[in-house]
Amino acid sequence: MKISNVRLGFATNSSSSHSIVVLPKGVSAPLGFDVIEGEYGWESFVLKNQQDKLSYLAAAVGSSLLEFYGEDLAEIIMREWFRGIPWSRGWYIDHNSAIEIPHDPITKQVSQLFVKDFSRFMSRKDVVVLGGNDNSDRRDFEEYYQYEVDLPRGWNLKWYAQKSGDWWTMFCVETGAKMRFSFEENPQDLWRSVYPELIDFKITDYCPFDCPFCYQDSSRQGIHASLADIESYLEMMSNSGVFEIALGGGEPTLHPDFVKILRKTHSLGIVPNFTTKVTPEHWSPDLLQAVMEVVGGVAISVEDTWEVSKLKAAEVLYGLRGKISAHFVVGAHPDWRLEDVIESCAENEIPLTLLGFKEVGRGTDPKPQTITPSVLHRGWRLSVDTSFVEQYADVIEKDGIPDLLVVPGEGRFSMYIDAVSQRAGISSYHSDLVEFEPQHWTDLTDIWVILDEYVN
Ligand code: SF4
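Residues numbered from 1 in each chain as written. Predicted model: local features only at pLDDT ≥ 70, side-chain atom pairs only at ≥ 80, totals over all residues.

**Digging into the overall build of the protein chain**
Across its full length, the protein chain carries 11 helices and 19 strands. Relative to the globule expectation of 23 Å for 456 residues, the C-alpha radius of gyration of the protein chain, 24 Å, shows essentially globular dimensions. Taking the principal axes of its C-alpha atoms as reference, the protein chain extends roughly 70 × 55 × 45 Å. Scored against the burial criterion, the 456 residues of the protein chain give a buried share of 36%. (Helix = DSSP H or I, 4+ residues; strand = E, 2+ residues; numbered from the N terminus. Rg over C-alpha atoms; globule rule 2.2 N^0.38 Å. Buried ≥ 20, exposed ≤ 12 C-beta atoms within 10 Å, placed from the backbone.)

Shown next, in the form of structure tokens:
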């Protein structure tokens, strides 16, 4: 049996559908139709010679440069990057097929290295561009789609791309989507990224909630990190191309400069996220506005289904759909609550992250958990942290979660910085934290190398 096409939902539009296809050995490109150079719309076309394919890429890159730098600068850069391709500012790819060219997370400019790699890939003899549209029941070149290479798309979405070894990691600033891929035919395995992509960032040790399982051992006596130190760390992260941070504590929203910290992070080109136990109805108007304007996501700790319902009400009341999710610590509560919370989050369409119990700080007494098979499949948008992956590897395996969705091991793509004690580690609950005073460094190069020996 061969399934050729499946579509879920009604057709609400029709549009161009271009594909960049890697032909398997022995398969030749379909017979082509001509296209006017620089005008890549709804019509069927096949681009297979190098000049034609690079012209197509030039149209994509040119659009990104025009949008970002304006006409004069875009022309100068295009002449330099695409020598021999007569690009002009009128060139276009239909917006439904347009490829977003990502930015370098360190320089924050359109990534020349990505364009170079992409050009090299497009120059391969077995790569072709197929143009067409999905305006009829049959798509053009339908038989070739099983070989399709699909790159992240999204009109007017901003992407960062960081290269580590043979691999590119692409991160969408607006949606938080992330993917790792290689232009190489046989890429070397990637053990660790060249810089951390995510920082778990502690800005305070103050918290009034007295949770008995608090692995940070935060309390009412805890102190806040100074704004100056926090800003120094943020500058370092920006200089190292960090995509996003997860602000935590203690209770980060009770840091007196919290809104300033969110806005500073955003102004440095990093996406701020945070974890809190303070629900939106208790946020200040300034915080609410900052969440809407600059924050990627907010994770709110829940302990039972009642708190999930309250979260849903806050989501509706304050227009926070897409911004908030729930966190649930597995092992901090009776085991029957886990399934209830998973199901309640699914019913309310609240994304849920399950956190493994950390046996440090006040986390000395985990409650035994019996997790029934297939429980993870009952979630709506369900994710787990690396600690859960380590503790419940058997559940993940029994539930048949594909390896593609699981990245085991701490410190390979992220790290932890505690701005209160000025130390860093591969994770917030790792026992070996090393000194990391903000005044001595301008980026994360050295600390990332130092932490290498702790990566498991
Ligand atoms: S677990 Fe979170 S909310 Fe509870 S005391 Fe610790 S920092 Fe505060």
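**Comments concerning the sheet that holds strand β15 (residues 352–356)**
Read across the sheet, 10 strands follow the order β16-β15-β14-β13-β12-β11-β10-β17-β18-β19 without closing on themselves; strand pairing throughout is mixed. Of all strands in the sheet, those with a lone pairing partner are β16 (382–384) and β19 (434–435), marking the two edges. Here 5 bridges tie strand β10 (residues 198–202) to strand β17 (residues 414–418), and the two strands are oriented parallel to one another. Looking at β17, one finds that K202 is bridged to D418. Strands in contact with helix α8 (residues 336–348) are β14 (324–330), β15 and β16; relative to β14, the strand with the most contacts, it is inclined by about 170 degrees. (Pairing = 2+ DSSP bridges. Contact = placed C-beta atoms within 7 Å. Axes fitted to C-alpha atoms, helices over the stretch in contact; angles between N-to-C directions.)

**Focus: the environment of P30**
Its place among the elements puts P30 in the loop between β1 (19–22) and β2 (39–40). Of the residues examined, P30 has 17 C-beta atoms within 10 Å and is grouped as partly exposed.

**With respect to helix α4 (residues 227–239)**
Owing to its 3.6 residues per turn, the α-helix aligns residues three or four sequence positions apart on the same side. Taking 1.5 Å as the rise per residue, α4 with 13 residues should run 18 Å; its terminal C-alpha atoms sit 18 Å apart, in good agreement. Listed as buried for α4 are I230, Y233, L234, M236 and M237. Down the axis of α4, the smallest arc covering the buried residues is 160 degrees, so these residues share one side. Elements that come into contact with the buried residues of α4 comprise β10, β11 (244–248), α5 (258–267) and β17. (Expected span 1.5 Å × (residues − 1). Arc of directions from axis to C-beta.)

**A word on the domain arrangement of the protein chain**
In terms of domain boundaries, the protein chain breaks down into domain 1 (2–182) and domain 2 (198–454). A C-alpha centroid distance of 35 Å is found between domain 1 and domain 2. Taken together, the contacts link 8 residues of domain 1 with 8 residues of domain 2. (Domains from an automatic or database assignment.)

**So, unusual backbone geometry**
Keep in mind that most residues, glycine aside, have a negative phi and that most peptide bonds are trans. For the bond running from G249 to G250, omega is 20 degrees, close enough to zero to count as cis. In this fold, G250 is placed in the loop between β11 and α5. We note that K108 has phi near 65 degrees; this positive angle belongs to a residue other than glycine. Locating K108 in the fold gives a position in the loop between β4 (92–93) and α3 (112–122). Note on K108: 15 C-beta atoms within 10 Å, which makes it partly exposed.

**Some remarks on the environment of L288**
Along the chain, L288 turns up in helix α6 (residues 285–294). Of the residues examined, L288 has 16 C-beta atoms within 10 Å and is grouped as partly exposed. Separated by 122 residues in sequence, L288 and D166 place their C-alpha atoms 41 Å apart.

**Some remarks on the sheet that holds strand β7 (residues 159–164)**
As summarised here, the arrangement of the 3 strands in space is β7-β8-β9, forming an open sheet in which the pairing is antiparallel. Where the open sheet ends on each side, the last strands, each with one partner, are β7 and β9 (178–181). Neighbour-to-neighbour, the strand axes of the sheet open up by a mean angle of 20 degrees, direction not taken into account. Pairing geometry for strand β8 (residues 167–172) and β9, over 4 bridges, is antiparallel. Within β9, the residue paired with W168 across the bridge is F181.

**Details of the nonpolar core**
With 103 residues, the main nonpolar core has A58, M237, I245, A326, F328 and I417 as its most contacted residues. Of the residues forming this core, the biggest block, 8 residues, is contributed by helix α1 (residues 50–69). M237 has contacts with I199, V242, I245, I270 and L444, leaving out every residue within four places of it along the chain. (Core = buried A, V, L, I, M, F, W, Y, C linked by C-beta atoms within 7 Å.)

**Overview of the pairing of strand β13 (residues 298–301)**
Here β13 shows a buried face lined by V298 and I300 and an unburied face lined by A299 and S301. Taken together, the 3 bridges between strand β12 (residues 271–276) and β13 define a ladder with parallel strand orientation. In the sheet register, T276 faces β13, and the bridge partner there is I300. The parallel pair β12 and β13, bridged by α6, forms a crossover whose chirality is right-handed. Regarding topology, helix α7 (residues 305–318) serves as the crossover connection from β13 to the parallel β14, and that connection is right-handed. (Right-handed = clockwise from strand over helix to strand, strands pointing away.)

**Description of α7**
When the terminal C-alpha atoms of α7 are compared, their 20 Å separation across 14 residues agrees well with the 20 Å that a helix rising 1.5 Å per residue should span. Looking only at α7, the buried set comprises V308, L311 and E315. The arc that holds the buried residues of α7, viewed along the axis, is 55 degrees, so those residues lie on one side. Of the exposed residues in α7, those oriented more than 90 degrees away from the buried face are W306, V316 and L317. Structurally, α7 contributes buried residues whose contacts are with β13, β14 and α8.

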